[in-house]
Each structure stands twice: as structure tokens, then as C-alpha cells.
Amino acid sequence: MTAPLTPSQPPHDRPASDPWQAPAQPWGAMPPHGHEEDGPGMKKELLQAAVILVVVALSGLVLGALWLGFAPRIPLISDGEAVYLKDTEGEQAIGVDGTFTLFALGFGLVSGVAAFLVRRSGGVPMVVALALGSLLGALLAWKAGALFGPDTDVVAHAKAVGKGVVFNAPVELKAKGTLLAWPVAALAVHLGLTGLFGPRDPEPYAVPYEERVP
């Protein structure tokens, strides 16, 4: 009887350089898994971000209506030649900006929570959509409040009401920085909720000791 030309070798005696041996997985490497964000996953994320952008921006109309309804009025009066503040020591102008800021912060809180509930994992598209939608909503609220408020042509309004008749000044934002209250609040709330309640990264996969010994 002749011995085989290529004698079999026990698995435990197989050299480390055996080309048929599967390479050991490096320490701390993650096990293979599917790419959740590829294909339909990414499309869904972009669609959700687009919905948030549109809804948040259009809600600026509601903010504008609330601002117009609750902002204090600034009384003006004309002597037939010029227009003056009826109450020179009044703080109504500050109250107009303050009312807008308070409502904008509230809308930022609501929109930040809504964006988190729509997509708990967050993501760059959602953050960009939330920031852009909030800024557009604030601009829309500002313009809507000014458009549907008292006449912006103060001189024409004074001539229309007549001399010595008190009328309201247009609703305006003196401090344009208040337009950033909504997006800043929305992003802060969304970031906080994502950090506290968002999904956590899985723990690193520990390779058994036997697989790491050469």
C-alpha cells in the first residue's frame, strides 16, 4: 500500500500562513451588518426632512398671527405737519420685539420635539431641514405680521385719520436678531433630545481570545 502524496493535516496543526484559513477579525471590529441608510433608507430620511422643512416653515403663518394678536400697539398722533409718538415714555416697541421672541422660542421648542419624534436617530438632513425651516418660518411670521397689521405708510395713515386722531403704528421688529430665536431654540431642543433619548451606538464586538492568538 502506498502512502498518499498529500497527507491530511489536523486542523490544530495547520500553519498560520494557510491561505485557506479565514483571517481573524481585528479586535474591536464590528460584526458585519446591513447598511440601513443605503437606498430606500436614505430616500426616507430625505423625505422626512423635506416634510419637516415645509411644515415648520408654513407654521410661521401661525406665529405671525399670534404675534399680531398679542403684540402691544404703538399709538401715534399727527398735528397735521408731522407724526409723533403719543406716549413718548412708553415701552411698546420693546414689547413688540419681546412678544415675537417669546412666541418664537415656544415654536422652536415644539418644532424641535416634532423633528425628534419624526426621526429619533437625527441625521444631517433633518438638522439642516429644521434649521432652514425655522428660519424661513420666522421670516414668514415677520412679513405676515407686518402685512396684515396696521398700515405701513405712516404718513398716508395720518392723513387718512386726520389731525389729532390717535392711530396705531405698523407692527415692526426693531431688533432683527430676534429672527434667530426660533432656529436656535429648535436646534438646541433637538440636539438635547437626540443626546438624551436617541439611539446609542452598539458596543464593539469583542473577538474571542482564541481567534486573536497567531
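None of these values were measured; they are calculated from a predicted model.

What counts, and where the lines are drawn
Residues numbered from 1 in each chain as written. Predicted model: local features only at pLDDT ≥ 70, side-chain atom pairs only at ≥ 80, totals over all residues. Heavy atoms only, no water. Core = buried A, V, L, I, M, F, W, Y, C linked by side-chain atoms within 4.5 Å. Buried < 20%, exposed > 50% of the residue type's maximum accessible area, 1.4 Å probe, protein only. Helix = DSSP H or I, 4+ residues; strand = E, 2+ residues; numbered from the N terminus. Contact = heavy atoms within 4.5 Å. Pairing = 2+ DSSP bridges.

K.L.:
Sorry if this is basic, but what is going on with the nonpolar core here?
P.N.:
As a rule of thumb, soluble globular proteins bury nonpolar side chains together. Counting residues in hydrophobic clusters, the biggest one holds 27 residues, and the most contacted among them are Leu63, Trp67, Phe100 and Trp182. Counting residues per element, the ones that place at least two in this core are α1 (40-58), α2 (60-70), α3 (92-118), α4 (124-148) and α6 (181-197). Sequence-distant contacts of leucine 63, defined by excluding residues within four places in its chain, comprise Phe100, Phe103, Ala104, Phe107, Ala141 and Trp182.

K.L.:
Which parts of the structure should I look at to understand the pairing of strand β1 (residues 75-78)?
P.N.:
On a regular strand, one side chain projects to one face of the sheet and the next to the other, so that they alternate. Bridge count for β1 against strand β3 (residues 167-168) is 2 bridges, and the pairing is antiparallel. Along β3, the bridge assignment pairs leucine 76 with phenylalanine 167. The pairing of β1 with strand β2 (residues 83-85) spans 3 bridges and is classified as antiparallel. Its bridge partner being in β2, isoleucine 77 is matched across the sheet by tyrosine 84.

K.L.:
It is not clear to me how the side chain of histidine 157 should be interpreted in this structure. Could you clarify?
P.N.:
As for its position among the elements, histidine 157 is in helix α5 (residues 154-161). Residue classification places histidine 157 among the buried residues on the basis of a relative accessible area of 19%. Setting aside residues no more than four positions away along its own chain, histidine 157 makes contact with Asp151, Phe167 and Asn168.

K.L.:
Hey, could you run me through the sheet that holds β2 in this one?
P.N.:
By way of backbone hydrogen bonds, the strands of a sheet pair with one another, either parallel or antiparallel. Overall, antiparallel pairing links the 3 strands, which are arranged β2-β1-β3 in an open sheet. The open sheet has two edge strands, β2 and β3, and neither has a second partner.

K.L.:
Explain the environment of leucine 147 here, please?
P.N.:
Along the polypeptide, leucine 147 turns up in helix α4. Note: C-alpha distance between leucine 147 and glycine 64 (83 residues apart in sequence) is 9.7 Å.

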